[in-house]
Protein chains: 2
Amino acid sequence: MSYFLLDDYANMEPYLPGEQPAGKWIKLNANESMLPPSPAVKKIFDEAEYDGMGFYSDPHCHKLRIAIGDVYGFDEKNIFVGNGADEVLAFCMMSFFRKGMKIAFPDITYDFYRTYATTYGLDFKQFPVNDDFTINVDDYVNYDGDVVLANPNNPTGLAISVDDIERIVKKNPERMVIIDEAYIDYGGESCVPLVRKYNNLLVVQTFSKSRALAGARIGFAIANEDIISDMNKIKFAFNPFNMSTLAIDAGSAAARDVDYWKKCINEVRRTRDDFKKDLRKLGFKVIDTETNFVFITHPNYRAEYIFAELRKRHILVRHYNQERIVNYLRITVGSFDVMLKVLYALKDIVGDPDESTYK
Amino acid sequence: MSYFLLDDYANMEPYLPGEQPAGKWIKLNANESMLPPSPAVKKIFDEAEYDGMGFYSDPHCHKLRIAIGDVYGFDEKNIFVGNGADEVLAFCMMSFFRKGMKIAFPDITYDFYRTYATTYGLDFKQFPVNDDFTINVDDYVNYDGDVVLANPNNPTGLAISVDDIERIVKKNPERMVIIDEAYIDYGGESCVPLVRKYNNLLVVQTFSKSRALAGARIGFAIANEDIISDMNKIKFAFNPFNMSTLAIDAGSAAARDVDYWKKCINEVRRTRDDFKKDLRKLGFKVIDTETNFVFITHPNYRAEYIFAELRKRHILVRHYNQERIVNYLRITVGSFDVMLKVLYALKDIVGDPDESTYK
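Residues numbered from 1 in each chain as written. Chains lettered and ligands numbered in written order. Predicted model: local features only at pLDDT ≥ 70, side-chain atom pairs only at ≥ 80, totals over all residues. Heavy atoms only, no water.

As a further point, take the overall build of chain A. Counting its secondary structure elements, chain A contains eleven helices and 13 strands. For a compact globule of 359 residues, the expected C-alpha radius of gyration is about 21 Å, and chain A comes in at 21 Å, within 12% of that figure. Taking the principal axes of its C-alpha atoms as reference, chain A extends roughly 60 × 50 × 50 Å. Going through the 359 residues of chain A one by one, you find that 62% of them count as buried. Of all intrachain contacts in chain A linking residues separated by at least 6 positions in sequence, the fraction that spans at least 24 positions is 72%. With an accessible surface of roughly 14000 Å², chain A has 49% of that area assigned to carbon and sulfur atoms. (Helix = DSSP H or I, 4+ residues; strand = E, 2+ residues; numbered from the N terminus. Rg over C-alpha atoms; globule rule 2.2 N^0.38 Å. Buried < 20%, exposed > 50% of the residue type's maximum accessible area, 1.4 Å probe, protein only. Contact = heavy atoms within 4.5 Å. Areas by Shrake-Rupley, 256 points an atom, 1.4 Å probe, with all protein chains shown as cover.)

The structure is reproduced here in C-alpha cells:
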C-alpha cells in the first residue's frame, strides 16, 4: 500500500479473478459463451476502419445506445452503456451511493456487489437466501434502504418473478432498485417493461453472455431518462470517451442481429436442459437454473473433490469457498460436444451412483 | 436530474465534448493523429480471434503492461493501463484524492482536471500562467497540496523542464505530483526516469496521440509499484475487466513497434515546424509549441472570426471561451497536404499581413 492510498479504502479486499490458466482447457468457470458472436460482428472487425482508429470514439455512444433502444423499445435517453455490466453498475453506484448509504443484496449472489460495497464503504446488508437458495422477497420489500438483485441469481441460477420485483420497487419510490439481468436471456422474465412505470428502477444487462462478446466489454442499463442522464454526467467527469469505436460498432451490430441472438439462446437452453437430465442420472442434485450455467451438488462426493478431479482432466469449473455453497459447483453450459466431454469426465469421477462411496 | 443523484455533485457542470460534426471535415480540433496506427495493429485487427471474443479479457492486462514496461524500461508492476489517459487519471484521483483535498493546476490547461475536481469536490487551486503562458514553477514548489500538470501544457504547447518537475516533486515527498505527458513524444523531456527516484510521482501517457489509437482508448501510468498496486485494487473493485482483448492486443502491438512510432513523430514534427514558419509569414503570433498542435493568435483578426471562417471552409479547429485565451486558436498538425490546405484557407482569411484590417 502506498503512502497516498485514502484510508477510506481500509476495508478493501484483494480481488481474486477467476482462474485464467495457460494451455488447453475446457473453460467453464466464467459463464462465457462458446458460440461465436454474430457474423455481423465479424463483418465489423473485417471492415474496421483501421486508418480511422486515430480519431476519438463518440463519447455519447449514440449508435450503440440507439441500437439497444431499438431492440428493447426505448429511446436512447433511457440507455447507458459502459465497458461491461460491472462498469455500468459502478457508474450507477458512483452516481447514487455515497459512503454509509444502505443497500441490501443476498448472502449468495454475484460477488461484485459486496466487493464494491466493501471497498467504497456502503452500509450493506446481506439477507440470507432460503435453504433451497430461493430469495425471500419480503426481506427486500420491507428493507429501509436500496436494493441490488441479480435476476436470475448467480451462482444459484434461480429467478424471481416480475411481480415480486414490482413489489420491491413499488413499496418505496425513494428507494433505488437495481436489477442485474446478466443471465435473463436464458430464462426468467425481464423486468425491463417496469422501467416505463417506475422512476426508481435500473436494469443492467450485458453483451458478455448471450451475445458472446465478453472480450469486447459491453454492458448497458435501462432506466428513467433522468437517472441515465445523471450517470452520463458522472461518466463525462470520470472518463468521457469510455468506449472504443470498435466496441460501439461491434455492440451495435450484435444488438441488431436479433435472429442470431435468439438462435444462440435456444441452442444453449437445449444443451442446458439435456445436461441437467444427464447430471441427475449421475446422482447430482441439480438446482433448477434458468441461465447458461448449472449449479450442482452430489450426495456422495465433495464439490472440492469433483472440482479437483475435473481440473486434472483440464476442465475448469467454479467452486466457492463460501460455507453455505461449499459443496456446490457452478458449471457453464458450453456447446453440446463440450458438455458431453464433461459428462464423461463426471461419470468417470462419480461413477455409477449405486456403487459410489463418499470421498 | 433524478431524485437519486447525490448532492455531492451539486457543482457538476455539463460536459461539452469537442464538436464531432457529420459530413466531410478537416478535423483539427482534438489533436488526433492523421497517420494510421502501426501496421502491427492492422495485423491484430485482421487476425483478431473473432471466435474467442466470447471470453473475458485479462483483468490484469499483463500483455499490454509488459509491452509498455519493456519500451520504457520498467517492470509491469510499475505500469497501470486504462481506457484512455482520462480513465487512468480518474482511477488515480479516485485512489488518492477525497472530497476537500487540495490540488493545484494552471488556469490555462487541459480542462479535464477542473471538470474532475469540480464534480468530485476537490479543493482545487488554479495558478495563473504568466502572460507568455509559461508556468511559474515556484507556484507549485511552494504550494501546500498535490499537483497535476500537463507537460507539455495543453492548449499552449509549452513544456517545463525535468529539473523543474524534480523541484516540485522533491520539495515535499508527501505531496503527489501527477504529470500528464499526453504530448511528450512530440517534444520536451519526459520525467519518466524520475519515477525510479521518487515515490510521489505519477506520469500519465496516452496512445491517442503519437500512437494514433484514440478510437481504441488506451492510456497508461508509470509510477512506484505501491501506487500502481493501489490503483489496480481500486480498479478491481470498480471495473475489473476494464480493457477489451482487442485494446490489450492492439496496444501491445503498437507499443512494440517503436520504429514506426518514431517515424510518425518525426513526420509530425517536421510538418509542425514548416507550418509554424508559414503561419508567421501570414502575420500570426505562434507560441513555441512542442506538441502535435500549434497555438496561435493574429494581431489583426479575432480568433473567433478566423474560427468561423475556417468552419465555413469545413476546417474545424479549437477556439476557447476563456478570457485569457479567447483570441487564440489551437490547430492540430495533420498531414503535410492537410496543413497546406489550412494555410491556403488562412491566407484567404487573413490575406497579406500588410494590407489587412481588423475584423
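The structure having been displayed, the exposition proceeds.
With an RMSD of 0.0 Å, the operation that places chain B on chain A is a rotation of 180 degrees combined with a shift of 0.0 Å along the axis. Such values leave the two copies arranged in the relation of a two-fold axis. Counting the interface residues of chain B, we find that 100% of their copies in chain A are interface residues as well, pointing to one common contact surface. (Least-squares fit on C-alpha atoms with pLDDT ≥ 70 in both.)

Now for helix α11 (residues 336-350) of chain A. Residue and element names in this part refer to chain A. With 15 residues, α11 ought to run about 21 Å at 1.5 Å a step, and its terminal C-alpha atoms sit 21 Å apart, in line with that. Buried residues along α11 sit in contact with β1 (26-27), α9 (258-281), α10 (303-312), β11 (315-316) and β13 (329-332). Where α11 terminates, the next one or two residues include G351, which has phi positive at roughly 65 degrees. (Expected span 1.5 Å × (residues − 1).)

Residue and element names in this part refer to chain A. With four of five residues buried, strand β3 (residues 102-106) lies mostly within the body of the structure. With helix α4 (residues 112-119) bridging β3 and its parallel neighbour strand β4 (residues 123-127), the resulting β-α-β unit is right-handed. Summarising the sheet, β3 and strand β5 (residues 146-150) pair through two bridges and their orientation is parallel. Counterpart to I103 in the pairing with β5 is D146. (Right-handed = clockwise from strand over helix to strand, strands pointing away. Pairing = 2+ DSSP bridges.)

Here the focus is the side chain of R217(A). By the secondary structure assignment, R217(A) is in the loop between β7 (201-206) and β8 (219-223). Among buried charged residues, R217(A) stands out as having no salt bridge; its nearest opposite-charge side chain is D86(A), 5.0 Å away. Only 2.9 Å separates the side chain of R217(A) from the backbone oxygen of A214(A), close enough to count as a polar contact. Other than its neighbours up to four places away in sequence, R217(A) contacts G82(A), N83(A), G84(A), S208(A), M243(A), Y56(B), S57(B), N239(B), F241(B), N242(B), M243(B) and S244(B). (Lys, Arg positive; Asp, Glu negative; His and termini not counted. Salt bridge = Lys/Arg side-chain N within 4 Å of Asp/Glu carboxyl O. Polar contact = N/O pair within 3.5 Å; in protein donor to acceptor, adjacent residues only side chain to side chain.)

Taken as a whole and assessed by the stated rule, the structure comprises seven cavities of 30 Å³ or more. Considered as a void within the structure, the largest cavity measures approximately 110 Å³ in volume. In this structure, the largest cavity is lined by 15 residues; those nearest its centre are S244(A), L246(A), S244(B), L246(B) and A247(B). When residues of the lining of the largest cavity are traced back to their parent elements, those giving at least two are α8 (245-256) of chain A together with α8 (245-256) of chain B. Residues of the lining of the largest cavity, tallied by class, amount to twelve nonpolar, three polar and no charged. (1 Å grid on protein atoms, 1.4 Å probe; cavity = no way out; pocket = protein on both sides within 12 Å on 5 of 7 lines; lining within 4 Å. Points joined across faces, edges and corners; volume = space filled by probe spheres on them. Nonpolar A, V, L, I, M, F, W, Y, C, P; charged D, E, K, R; others polar.)

Counting 186 residues, the largest nonpolar core has I306(A) and I306(B) as the members making the most contacts within it. Leave out the neighbours within four places in its chain, and I306(A) touches F284(A), H298(A), Y301(A), L329(A), L346(A), I349(A) and V350(A). In this structure, M176(A), F238(A), M12(B) and Y113(B) belong to the second largest nonpolar core, which totals 76 residues. (Core = buried A, V, L, I, M, F, W, Y, C linked by side-chain atoms within 4.5 Å.)

Turning our attention to the pairing of strand β6 (residues 177-180) of chain B. Residue and element names in this part refer to chain B. Side-chain alternation along β6 places V177 and I179 on one buried face and I178 and D180 on a second face that is also buried. For strand β5 (residues 146-150) and β6, the ladder comprises four bridges, and the chain directions are parallel. Among the inter-strand pairings, L149 is bridged to a residue of β6, identified as I179. On the question of chirality, the crossover connecting β5 to the parallel β6 by way of helix α6 (residues 162-171) is right-handed. The sheet contact formed by β6 and strand β7 (residues 201-206) spans four bridges and is parallel.

The next subject is the environment of D249(A). All names here are of chain A. Assignment of secondary structure puts D249 in helix α8. The sequence separation of D249 and V317 amounts to 68 residues, and the corresponding C-alpha distance is 32 Å. Excluding residues within four positions of it along the chain, D249 makes contact with I44 and K63. A polar atom in the side chain of D249 sits 2.9 Å from the side chain of K63.

With antiparallel pairing, the four strands of this open sheet are ordered in space as β9-β10-β13-β12 (chain A). One side of each edge strand has no neighbouring strand; the edge strands of this open sheet are β9 (285-286) and β12 (318-319) of chain A.

The omega torsion of the bond from N154(A) to P155(A) falls at 15 degrees, within 30 degrees of zero and hence cis. Within the element layout of this structure, P155(A) appears in the loop between β5 and α6 (162-171). For H314(B), which is not a glycine, the phi torsion comes out positive at approximately 60 degrees. Structurally, H314(B) is set in the loop between α10 (303-312) and β11 (315-316).

Mapped onto the fold, Y56(A) is located in the loop between α1 (39-46) and α2 (62-72). As for Y56(A) and G69(A), which are separated by 13 residues in sequence, their C-alpha atoms are 23 Å apart. Excluding residues within four positions of it along the chain, Y56(A) makes contact with F241(A), T245(A), Q20(B), A30(B), E32(B), S208(B), K209(B), A214(B), G215(B) and R217(B). In terms of polar contacts, Y56(A) uses its side chain to reach the side chain of K209(B), at 2.9 Å.

It should be kept in mind that the predicted coordinates are not to be read in detail where pLDDT is low. Averaged over all residues, the pLDDT of chain A equals 94, while 97% of them reach at least 70. ipTM for the predicted complex: 0.95, alongside a pTM of 0.95. (pLDDT = per-residue confidence, 0-100.)

Turning to the packing of aromatic side chains, a few remarks are in order. All names here are of chain A. Inspection of the entire model under this criterion finds 47 aromatic pairs over all chains. Aromatic pair F127 and Y140: ring centres 5.1 Å apart, planes at 80 degrees, arrangement edge-to-face. You can see F127 sitting in strand β4 and its partner Y140 sitting in helix α5 (residues 137-141), a full 13 residues away along the chain. The residue whose ring lies beneath R196 is F74, and the NZ or CZ to ring-centre distance is 4.0 Å. (Phe/Tyr/Trp six-rings, centres within 6.5 Å; stacked < 30°, edge-to-face > 60°. Lys NZ or Arg CZ within 6 Å of the ring centre and 35° of its normal.)

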